[in-house]
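# Structural description and commentary
Below, each chain spelled out in residue letters.
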Amino acid sequence: MKKLLFIVNPRAGKTKSRAPLFDAAAEFSRAGYLVNIFVTEAGGQARDMAARCGGDYDLIVCAGGDGTLNETLSGVMQLPQRPPLGYLPCGSTNDFAASLHLPTAMDEAARAAVCGAPYPLDVGRHNDRYFAYVASFGAFTRSSYSATQAAKNALGHFAYILEGLGDLDSLRPYRCAVEADGEHFEGEFIFGAVCNSTSLGGLVKLDPACVRMDDGMFELLLLRMPKSALDLQNLINVMTRMQYDYPGVILRHVRHVTVTTDEELPWSLDGEYCPSAPRVEIENLPAAVQLMH
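Residues numbered from 1 in each chain as written. Predicted model: local features only at pLDDT ≥ 70, side-chain atom pairs only at ≥ 80, totals over all residues. Heavy atoms only, no water.

Moving on: helix α3 (residues 66-76). When you tally the buried positions in α3, you get 11 out of 11 residues, the bulk of the element. Taken as a whole, α3 has its buried residues at Asp66, Gly67, Thr68, Leu69, Asn70, Glu71, Thr72, Leu73, Ser74, Gly75 and Val76. (Buried < 20%, exposed > 50% of the residue type's maximum accessible area, 1.4 Å probe, protein only. Helix = DSSP H or I, 4+ residues; strand = E, 2+ residues; numbered from the N terminus.)

The structure is reproduced here in structure tokens:
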């Protein structure tokens, strides 16, 4: 009998009913899988479980938010033979799921995980850590990991908006140098992201026509520090309209990015905090994981 490891974050999302999880487990069983359910109780457990035991299973499925996916993916990346990965999005924003149009209803997502086709997913490596869809710094980045779990559960997407508005009041430039596939950018930036998604923290949007999650390329987005309140308003307007030819906007499709800085530059990987480092190497790992879609 095929074996399935089901990793569940019970704190993710606004609903605390366990009924959808039972429905998902029933879908797995009907598809012919022997299901082992692992419920996380602390950060890092999903990663450790996937890395320690994932190789013994034919399929790994995680249920939670983008942070749970990041942990599970990071564990799978440590395996010499990586089983396919399924994702049941039940977090507060679910940027990754929205970009791939994954079902949000638990039973539909469960059927997609066991009956769908494997999708070759590019994975990002940020020094010695991994990310599924975004590594970012600057404005709006803090909101992805500083909103409390209680606020995210109660307010959902609005919690990120509130935190993002707070970031606008404390905008500050980050001086760094960015090397991207042979191009060099240097200066003061209020935001930077290396991403594989159309939505970043639910606040910054990219044109879906610009993003493919299986092309071996990331989207590099850099926003230079505005010189005035009018410049800031114009920057917000062009990003809202997805117009990337504005002088303060840099958008490139890249495979490898190096960021160097003398400042404290905290990062967010899929919404999870990542400490500053003077030099960060970001690399696209093409088709590193097969995602059931």
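Now that the structure has been shown, we can carry on.
Scanning the model with the defined rule gives six aromatic pairs in all. A ring pair is formed by phenylalanine 6 and phenylalanine 28, whose centres lie 5.1 Å apart and whose planes are at 85 degrees; its orientation type is edge-to-face. Of this pair, phenylalanine 6 sits in strand β1 (residues 2-8) while phenylalanine 28 is found in helix α1 (residues 19-30), placing the two residues 22 residues apart along the sequence. Pair check on accessibility: phenylalanine 6 and phenylalanine 28 agree, each one buried. Through pairs of rings, three or more aromatic residues link up here, namely Tyr87, Phe96 and Tyr133. Positioned over the ring face of tyrosine 33 is lysine 2, at 4.3 Å from the centre of the ring. (Phe/Tyr/Trp six-rings, centres within 6.5 Å; stacked < 30°, edge-to-face > 60°. Lys NZ or Arg CZ within 6 Å of the ring centre and 35° of its normal.)

Let's shift gears to the pattern of salt bridges. As enumerated under the stated definition, the model contains eight salt bridges in all. For glutamate 27, the salt bridge is made with arginine 30, and the minimal N-O distance between the two is 3.1 Å. In this pair, glutamate 27 and arginine 30 are both assigned in helix α1, three residues apart and thus about one turn of the helix distant. When its relative accessible area of 11% is taken as the criterion, glutamate 27 is described as buried. For glutamate 281, the salt bridge is made with arginine 279, and the minimal N-O distance between the two is 2.8 Å. Residue arginine 279 is classed as partly exposed on the basis of its relative accessible area of 49%. One network of salt bridges, with partners in common, ties together Glu27, Arg30 and Arg111. (Salt bridge = Lys/Arg side-chain N within 4 Å of Asp/Glu carboxyl O.)

A few words now on unusual backbone geometry. Although it is not a glycine, asparagine 127 sits at a positive phi angle of roughly 55 degrees. In this structure, asparagine 127 sits in the loop between β5 (118-126) and β6 (129-131). When its relative accessible area of 32% is taken as the criterion, asparagine 127 is described as partly exposed. Of note, aspartate 181 is a non-glycine position whose phi angle comes to about 50 degrees, a positive value. For aspartate 181, the position within the fold is in the loop between β8 (174-180) and β9 (183-195).

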